[in-house]
Amino acid sequence: MPKAIWVVGGGLAGAEAAWQAANAGYDVILYEMRPERMTPAHTTPLLGELVCSNSLKANNLENASGLLKEELRRLGSLLMTVAEETKVPAGGALAVDRQRFAAGITARISEHPRIKVVRTEISSIPSDQPAVVATGPLTSPLLSAWLQQLFGEEYFYFFDAVAPIVTRESLDFKRIFAASRYGRGEAEYLNCPMNEEEYTLFWENLTAAEVHQSHLGAAEKRFFEGCMPVEVLAARGKDTLRYGPLKPVGLTDPATGKRPYAVVQLRPENREKTLYNMVGFQTNLRWGEQKRVFRMIPGLAEAEFVRYGVMHRNSFINTPKLLTNALQWKGGWPLFFAGQLIGVEGYVESIAAGLLAGKNIVRFLEGKAPLVFPRETAMGALFHHIINAEIRHFQPMNINFGLFPPLKVKIKEKLKKNRAIAERALNSLENYLRNEEK
Ligand SMILES: Cc1cc2nc3c(=O)[nH]c(=O)nc-3n(C[C@H](O)[C@H](O)[C@H](O)COP(=O)(O)OP(=O)(O)OC[C@H]3O[C@@H](n4cnc5c(N)ncnc54)[C@H](O)[C@@H]3O)c2cc1C
């Protein structure tokens, strides 16, 4: 008789993982600490509670999140089924009645003959116990301490201080030049040069822009002192940014042959260089304000932001360092991870990670090769990025078209291009599943 699989955390990822493993014929014990111990964001004892918005984002295939949802449906996701049953009108988005959604998940999981739900906080996992850890961005302090010990402190993070990420194809290369400071090494960075007038206008708008009210506690505020929001730095004086992240030293604009007045640098976010991170632009500005103000930077007038800057509490592990592409810990025992804890960002991405970990733990126990989806699919693109991201700069990521391999033929119109990527993804998924069945 095989050991029951533990799933720790009954949120979006944990509920999906438990369902997948139980449906494959395994006994599952799902540990959820609520209501015995609540997180700072959850308010009910329900499994699969949505902590904030009731929207699971766009539902159409021309949107990467819509495509990921469609793939999850085809892969038999419980949470997508319940979302469909509890949806409310929301235009092109899939929004749900949050109470009915979480109650529906709780009922399906509790009634499953192979799943036992145990309401207790887990502080450690016995070695050799097959488990999926899906305790989310607000993992309890006890389990966080255990994970820190298991992995080493430097591979477990409590906070996110993320700069916006833009797609390469949305940049205006007539205004931008590639160069590294003083010509050292490869010209990895893209540079957006500003003259004095452009800088002044940008600075005025940045310092007047609207920010999110900070929910940070004293400990978080101390942490963020070493990682100042760009608007706070700007507020210290007109030239502070020019002597900080926007310093132009060691850079010559080929268009003028001169050193610019200020420079915004963009660093590649992935190996394929389809996505770029705005260096030093961690921020608390409202998302609409980020778009408005950062588009004033030369070369970014049409920038597509696949991820806005945020600064918030978020527990996550250094997945590229710690996990295999099956979402299993490299340390040996059948310990799998899922959800926002592995550095995916967002409801649907967390569900996707739960589905993958739930299926792969079963395959591991059965001695089968893990599911590793083709990179052309949304599942493949997202998890390939998370597993292969640069260890040193690892930051959470949501699904977006910048993560997919480029199409063989160039399509200019965005909607058509996205549709073609989605079509390729769904064909690729079907082929992969057909081969899996053989
Ligand atoms: C405040 C906040 C707002 C967010 N808003 C959005 C949004 O609007 N849209 C969006 O797409 N994403 C949002 N996110 C990001 C993310 O998508 C969600 O947090 C999502 O719920 C993550 O899914 P998960 O399964 O990884 O974690 P969760 O859904 O948080 O589930 C983790 C579960 O583990 C339990 N748990 C924790 N520690 C233990 C333990 N030691 N033992 C047993 N159980 C434990 C928790 O009680 C919880 O039920 C938000 C995140 C936060 C923190």
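Residues numbered from 1 in each chain as written. Predicted model: local features only at pLDDT ≥ 70, side-chain atom pairs only at ≥ 80, totals over all residues. Heavy atoms only, no water.

## Things to note about the site of the ligand
Next up, step 1: In the vicinity of the ligand, 32 residues are found, and the nearest of them are Ala13, Glu32, Arg34, Gln340 and Gly346.
Next up, step 2: Ser350 is positioned such that a nitrogen or oxygen atom in its side chain is 3.4 Å from an oxygen atom of the ligand.
Next up, step 3: For the ligand, the accessible surface in isolation is 970 Å², of which the surrounding protein chains cover 88%.
Next up, step 4: For the shell around the ligand, the secondary-structure elements that each account for two or more residues are helix H1 (12-23) and helix H11 (347-365).
Next up, step 5: Counted by class, the shell around the ligand contains 14 nonpolar, 15 polar and three charged residues. (Near = heavy atom within 4 Å. Polar contact = N/O pair within 3.5 Å; in protein donor to acceptor, adjacent residues only side chain to side chain. Areas by Shrake-Rupley, 256 points an atom, 1.4 Å probe, with all protein chains shown as cover. Helix = DSSP H or I, 4+ residues; strand = E, 2+ residues; numbered from the N terminus. Nonpolar A, V, L, I, M, F, W, Y, C, P; charged D, E, K, R; others polar.)

## Observations regarding helix H9 (residues 287-294)
Next up, step 1: Among the residues of H9, Glu289, Gln290, Val293 and Phe294 are the ones counted as buried. Each buried residue of H9 sits inside an arc of 110° when the element is viewed along its axis, so together they form one side.
Next up, step 2: Buried residues along H9 sit in contact with helix H6 (196-208), helix H8 (230-235), strand E13 (275-278) and strand E14 (305-307). (Buried < 20%, exposed > 50% of the residue type's maximum accessible area, 1.4 Å probe, protein only. Arc of directions from axis to C-beta. Contact = heavy atoms within 4.5 Å.)

## Remarks on the domain arrangement of the chain
Next up, step 1: Under the domain assignment used here, the chain contains domain 1 (5-162 + 312-437) and domain 2 (165-308).
Next up, step 2: Look at where the C-alpha atoms of domain 1 and domain 2 centre, and you get two points 31 Å apart.
Next up, step 3: Here domain 1 and domain 2 share an interface that buries about 1,700 Å² over both sides, 53% of which is from carbon and sulfur atoms.
Next up, step 4: Where Arg375 meets Glu272, a salt bridge forms, and the shortest distance between an N and an O atom there is 3.4 Å. (Domains from an automatic or database assignment. Buried area = accessible area lost by both parts, 1.4 Å probe. Salt bridge = Lys/Arg side-chain N within 4 Å of Asp/Glu carboxyl O.)

## Here we look at the nonpolar core
Next up, step 1: Among the nonpolar cores identified, the biggest contains 99 residues, and Ile125, Phe337, Met379 and Phe383 are the most heavily contacted of them.
Next up, step 2: Per-element accounting of this core gives the leading share, ten residues, to H11.
Next up, step 3: There are two domains that each give this core at least three residues, and those are domain 1 (5-162 + 312-437) and domain 2 (165-308).
Next up, step 4: Counting 32 residues, the second-largest nonpolar core is a separate cluster that includes Leu233, Leu241, Leu285 and Phe305. (Core = buried A, V, L, I, M, F, W, Y, C linked by side-chain atoms within 4.5 Å.)

## Regarding unusual backbone geometry
Next up, step 1: Here the bond from Arg34 into Pro35 is cis, since omega is 0°, no more than 30 degrees from zero.
Next up, step 2: With respect to the element layout, Pro35 can be found in the loop between strand E2 (28-31) and strand E3 (55-58).
Next up, step 3: A positive phi angle is found at Lys57, which is not glycine, with a value near 70°.
Next up, step 4: Inspection of the secondary structure puts Lys57 in strand E3.
Next up, step 5: Lys57 sits in the partly exposed class, given a relative accessible area of 45%.

## So, the side chain of Ser140
Next up, step 1: Within the secondary structure, Ser140 sits in the loop between strand E7 (131-133) and helix H5 (141-151).
Next up, step 2: Excluding residues that lie within four positions of it along the chain, Ser140 makes contacts with Met33, Glu121 and Ile122.

## Considerations on the sheet that holds E13
Next up, step 1: Taken together, six strands build an open sheet; the order of strands is E10-E11-E12-E13-E9-E14 and the sheet is antiparallel. Strands at the two margins of the open sheet, each flanked by one partner only, are strand E10 (177-178) and E14.
Next up, step 2: Along the sheet, H6 makes contact with strand E11 (190-194) and strand E12 (262-268), crossing E11 at roughly 95°. (Pairing = 2+ DSSP bridges. Axes fitted to C-alpha atoms, helices over the stretch in contact; angles between N-to-C directions.)

## Concerning the pattern of salt bridges
Next up, step 1: Applying the stated criterion across every chain, the model contains 25 salt bridges.
Next up, step 2: The closest approach of N and O atoms between Asp172 and Lys174, which form a salt bridge, is 4.0 Å.
Next up, step 3: Classification of Asp172 as partly exposed rests on a relative accessible area of 29%.
Next up, step 4: Residue Arg286 is joined to Glu210 by a salt bridge in which the shortest nitrogen-to-oxygen separation is 3.2 Å. A residue pair is termed long-range when its members are at least 10 positions apart, and Arg286 in the loop between E13 and H9 and Glu210 in the loop between H6 and helix H7 (218-224) qualify at 76 residues.
Next up, step 5: What makes Glu210 partly exposed here is its relative accessible area of 47%.
Next up, step 6: Taken together, the shared-partner salt bridges connect Glu70, Arg73, Arg74, Glu84, Lys87 and Glu430 into one network.

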